[in-house]
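Each chain, written out:
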Amino acid sequence: MRFELVTKASPEQVRRAMTDFTDRRLQIWHRTLDPRTYELRDSGDTWAVARESSPGSPFWVVVRYDWSDPDVVRWTVTESSYGGAAGGGAGLVRTSPLADGGSRVHAEWDYGHARRSQRPLLFLLQHRPLVRLISRTWTSALDRYALEDGR
């Protein structure tokens, strides 16, 4: 899955929103993270491992985030409720500045080697209406973050 979005958040704000693993993470991403399943498992200066799911979803993932590259935030699924530890997938977010102070955000991820039982779920995730919904949700969260960060 791939998408691009434009946000009012600067590249640095996008990076901070993506890599904030304090209690504020649940506020920033409140429409996409379920507080009942969210758990920060470990973290360092440029990485974190968290268990996450979306509200209302029966699926969860354990993701290792890495932001040691100043231009990219990467993640790798290390475990999931729908496929164990194998073939979990990976993704990244790359931002570029816009003249108005905002950013263009490029996001992509793949699902690794999907098992037969995973294919219907992955088929749904790649449909345009769902991709547009995810893109709009991220834009809303990042625009809100930029507004609150600017106060």
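Residues numbered from 1 in each chain as written. Predicted model: local features only at pLDDT ≥ 70, side-chain atom pairs only at ≥ 80, totals over all residues. Heavy atoms only, no water.

### So, empty space enclosed by the protein
Keep this limit in mind: The distinction between a cavity and a pocket rests on a 1 Å grid over the protein atoms alone: a 1.4 Å probe fits inside a cavity but cannot get out, while a pocket stays open yet meets protein on both sides within 12 Å along at least five of seven lines, and a residue with an atom within 4 Å of a point counts as lining. Grid points are joined across faces, edges and corners, and a volume is the space filled by probe spheres set on the points. Numbering of helices and strands runs from the N terminus; a helix is a DSSP stretch of H or I covering at least four residues, while a strand is a stretch of E covering at least two. For this classification, Asp, Glu, Lys and Arg are treated as charged, while Ala, Val, Leu, Ile, Met, Phe, Trp, Tyr, Cys and Pro are nonpolar and the rest, including Gly, are polar.
Evaluated as defined, the whole model comprises 1 cavity of 30 Å³ or more. Within this model, the largest cavity holds a volume of roughly 40 Å³. Along the walls of the largest cavity sit Ile28, Trp29, His30, Arg31, Thr32, Thr137, Ser140, Ala141 and Arg144, which together make up its complete lining. It is helix α4 (residues 128-149) that provides the largest number of residues to the lining of the largest cavity, a total of 4 residues. By residue class, the composition of the lining of the largest cavity is 3 nonpolar, 4 polar and 2 charged.

### A short note on the pairing of strand β3 (residues 47-52)
To keep things clear, this is the line we draw: Relative accessibility under 20% of the residue-type maximum defines a buried residue, over 50% an exposed one, and the middle range a partly exposed one, all with a 1.4 Å probe and only protein chains included. Two strands pair under a simple rule: DSSP has to find at least two bridges between them.
Taking burial as the measure, the 6 residues of β3 include 5 buried ones, the bulk of the element. Pairing of strand β2 (residues 39-43) with β3, which is carried by 4 bridges, proceeds in the antiparallel orientation. Note that in β3 the partner of leucine 40 across the bridge is alanine 50. The hairpin turn running from β2 into β3, its antiparallel successor, is 3 residues long. Across 6 bridges, β3 lies against strand β4 (residues 61-66) in antiparallel orientation.

### Regarding the nonpolar core
We apply this condition: By nonpolar core we mean a set of buried residues, namely Ala, Val, Leu, Ile, Met, Phe, Trp, Tyr and Cys, connected to one another through side-chain atoms within 4.5 Å. The contact definition used throughout considers only heavy atoms, calling two residues in contact when any of these lie within 4.5 Å.
By size, the foremost hydrophobic cluster in this structure holds 33 residues, and its most contacted members are Phe3, Trp29 and Trp138. Only β1 (2-7), α1 (11-19), β3, β4, β5 (72-80), β7 (103-110) and α4 provide two or more residues apiece to this core. Of all the elements, α4 adds the most residues to this core, at 7 residues. When residues no more than four places from it in sequence are discounted, the contact partners of phenylalanine 3 are Val105, His106, Ala107, Trp109, Val131, Ile134, Ser135 and Trp138.

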